Amino acid sequence: MIQVKVVNKGRHPLPAYATPQSAGMDLRANISEPVTLRPLERRLIPTGIFMALPEGYEAQVRPRSGLALKHGITVLNSPGTIDADYRGEVMVLLVNLSADDFVVNDGERIAQMVVARHETVGFTAVEALDSTERGAGGYGHTGVE
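Just so it is clear, the structure is predicted and the values come from calculations on it, not from any experiment. (Residues numbered from 1 in each chain as written. Predicted model: local features only at pLDDT ≥ 70, side-chain atom pairs only at ≥ 80, totals over all residues. Heavy atoms only, no water.)

Notes on the overall build of the protein
Turning to step 1, where the next piece is worked out: For the protein, the count of helices and strands is 1 helix and 10 strands.
Turning to step 2, where the next piece is worked out: Scanning the protein from its N terminus toward the C terminus, one meets helices and strands in the order β-β-β-β-β-α-β-β-β-β-β.
Turning to step 3, where the next piece is worked out: Against the 2.2 N^0.38 benchmark of 15 Å for 145 residues, the protein shows a C-alpha radius of gyration of 19 Å, more extended than a compact globule.
Turning to step 4, where the next piece is worked out: Here the C-alpha coordinates of the protein stretch approximately 55 × 40 × 30 Å along the principal axes.
Turning to step 5, where the next piece is worked out: Burial status across the protein gives 32% buried among its 145 residues.
Turning to step 6, where the next piece is worked out: Summarising the internal contacts of the protein: among those between residues at least 6 apart in sequence, 70% fall at separations of at least 24.
Turning to step 7, where the next piece is worked out: Total accessible area on the protein is roughly 10,100 Å²; 52% of this is exposed by carbon and sulfur atoms.
Turning to step 8, where the next piece is worked out: For the protein, the distance from the average position of its 14 positive side-chain charges to the average position of its 17 negative side-chain charges is 9 Å. (Helix = DSSP H or I, 4+ residues; strand = E, 2+ residues; numbered from the N terminus. Rg over C-alpha atoms; globule rule 2.2 N^0.38 Å. Buried < 20%, exposed > 50% of the residue type's maximum accessible area, 1.4 Å probe, protein only. Contact = heavy atoms within 4.5 Å. Areas by Shrake-Rupley, 256 points an atom, 1.4 Å probe, with all protein chains shown as cover. Lys, Arg positive; Asp, Glu negative; His and termini not counted. Charge placed at Lys NZ, Arg CZ, Asp CG, Glu CD.)

Next up, the structure:
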């Protein structure tokens, strides 16, 4: 388990795992009054959480499946990435993809956050790449079966 330094300027508990094998921790809205998201509207929702991730780690902000299924609410830049050198407030960019207004209330679980290790890569410029069976086949290249 890695340790992450956190400043909680919000009114709600720190993100925590709901079960022992959960990958994500719920992020809660930290707002002074309800926020109404109209259909296709997007809003940046504060959480009150500030953190210092260790070098080599990122936090990914992802939608909550229940909000997506029941209300059409998702994280617009999913997954949103929080870099290890970012020290600002964790914010969640929500979008309402439904035909109905959705009200975000203070303390509501609005997204989940997964902390993950990542690699840093360097690129080497070459004239050509080695060939593979797949080659340049991309979107839908295998057809429908």
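Now that the structure has been shown, we can carry on.
Concerning unusual backbone geometry
Turning to step 1, where the next piece is worked out: Note the cis peptide between Ser78 and Pro79, where omega equals -10 degrees.
Turning to step 2, where the next piece is worked out: Assignment of secondary structure puts Pro79 in the loop between β6 (73-75) and β7 (80-82).
Turning to step 3, where the next piece is worked out: Backbone geometry places Leu40, a non-glycine residue, at a positive phi of 65 degrees.
Turning to step 4, where the next piece is worked out: Residue placement: Leu40 occurs in the loop between β3 (35-37) and β4 (42-52).

Focus on the sheet that holds strand β1 (residues 5-8)
Turning to step 1, where the next piece is worked out: The strand order β1-β4-β8-β6 describes an open sheet built from 4 strands, whose pairing is antiparallel. Edge strands, defined here as strands with exactly one partner in the open sheet, are β1 and β6. Across the sheet, the mean angle separating the axes of adjacent strands is 40 degrees when strand polarity is ignored.
Turning to step 2, where the next piece is worked out: As paired strands, β6 and strand β8 (residues 89-96) are joined by 3 bridges and run antiparallel to one another. When the bridges of β8 are listed, Thr74 appears paired with Val95. (Pairing = 2+ DSSP bridges. Axes fitted to C-alpha atoms, helices over the stretch in contact; angles between N-to-C directions.)

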